[in-house]
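Coordinates in review
Residues per chain are reported as follows:
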Amino acid sequence: MARFLETHPHLVAGKTILELGAGVGFGGLCAAALGASTVTLTDIEACLPLLRENAAGVDGVVVEALDWTEPVAPSLHADVLLAADCLLPGREGLFAPLATTLAALLRSADQRGYFVYEQRCMDCGPFFELLRGAGVAVSCIPDDDLHPEYRAPEIRVLELRRS
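Each chain has its residues counted from 1, running along the sequence as written. Given that this is a predicted model, residues contribute local features only at a pLDDT of at least 70 and side-chain atom pairs are listed and counted only at 80 or more, while totals for whole chains, interfaces and linings are drawn from all residues. Neither water nor hydrogens contribute to the side-chain values; these are computed over all heavy atoms in the structure.

What follows concerns the sheet that holds strand β6 (residues 136-140). One open sheet holds the seven strands; their spatial order is β3-β2-β1-β4-β5-β7-β6, and the pairing between them is mixed. The sheet terminates laterally at β3 (61-65) and β6, the two strands that pair on one side only. Neighbour-to-neighbour, the strand axes of this sheet turn through a mean angle of 20°, independent of strand direction. A pair of strands is treated as paired once DSSP finds two or more bridges between them. Numbering of helices and strands starts at the N terminus; helices are DSSP runs of H or I of at least 4 residues and strands are runs of E of at least 2. Here strand β5 (residues 112-118) runs beside strand β7 (residues 155-162); their pairing, made up of six bridges, is antiparallel. The axes are straight lines fitted to the C-alpha atoms, using for helices just the contacting stretch, and the angles between their N-to-C directions are given from 0 to 180°.

As structure tokens, this is what we get:
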């Protein structure tokens, strides 16, 4: 995610960003460094202490809990959504909650999401079918648009938008 944003800083500069499943917050913190107006790093409660520590002192960055199994608050909004490495083996049960959360956050045609994942040993097709079924268009960013040192056949960068 970070190298993709570094290659395309205009995607986040001056925009409000929300990172889902932020983990350590690297993607969102990179967006902040590239000029995002505000960044909200989200994850489950257990991950928030490390996220808060990493975001401490970074202007315009806030940390919030976001449980994909709960309804999205109508007040939660961003111009750009970021999600990286959220499709993991053994966690296929989170496909539907994640797809529902992304669809709920992508409310308008002018919003975009950037979703990065590594094609591992599992079938991710059902996740993308859930997204499409929820009204989210999914398109693959061509390899030529990726940082040349960070291209790999198993790594995919997708753009999400309301269809």
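With that settled, consider helix α5 (residues 125-133). Here the term buried applies to any residue with accessible area under 20% of the maximum for its type, exposed to any over 50%, and partly exposed to those in between, with areas from a 1.4 Å probe on protein chains only. Of all the residues in α5, the buried ones are Phe127, Phe128 and Leu131. Within α5, the buried residues cover an arc of 95° as seen down the axis, which keeps them to one side. Counted as exposed and oriented over 90 degrees from the buried face of α5: Glu129 and Gly133. Next to the buried residues of α5 lie α4 (95-105), β5, β6 and β7. As used here, the arc belongs to the directions running from the helix axis to the C-beta atoms. Any two residues whose heavy atoms approach within 4.5 Å at even a single point are treated as in contact.

It is worth spelling out the packing of aromatic side chains at this point. How two aromatic rings sit relative to each other is set out by the distance from centre to centre and by the angle between their planes. Here a pair means two rings of Phe, Tyr or Trp (six-membered ring of Trp) with centres within 6.5 Å. Their orientation is stacked below 30 degrees between planes, edge-to-face above 60, and tilted elsewhere. One pass over the structure, following the stated rule, counts seven aromatic pairs. On the numbers, 5.5 Å between centres and 45° between planes, the contact of phenylalanine 4 with tyrosine 114 is tilted. Highlighted residues: phenylalanine 4 in helix α1 (residues 2-7) and tyrosine 114 in strand β5, separated in sequence by 110 residues. The class for phenylalanine 4 is buried, based on a relative accessible area of 5%. Residue tyrosine 114 is classed as buried on the basis of its relative accessible area of 4%. Judged by centre distance (6.2 Å) and plane angle (55°), the ring pair of phenylalanine 115 and tyrosine 117 falls under tilted.

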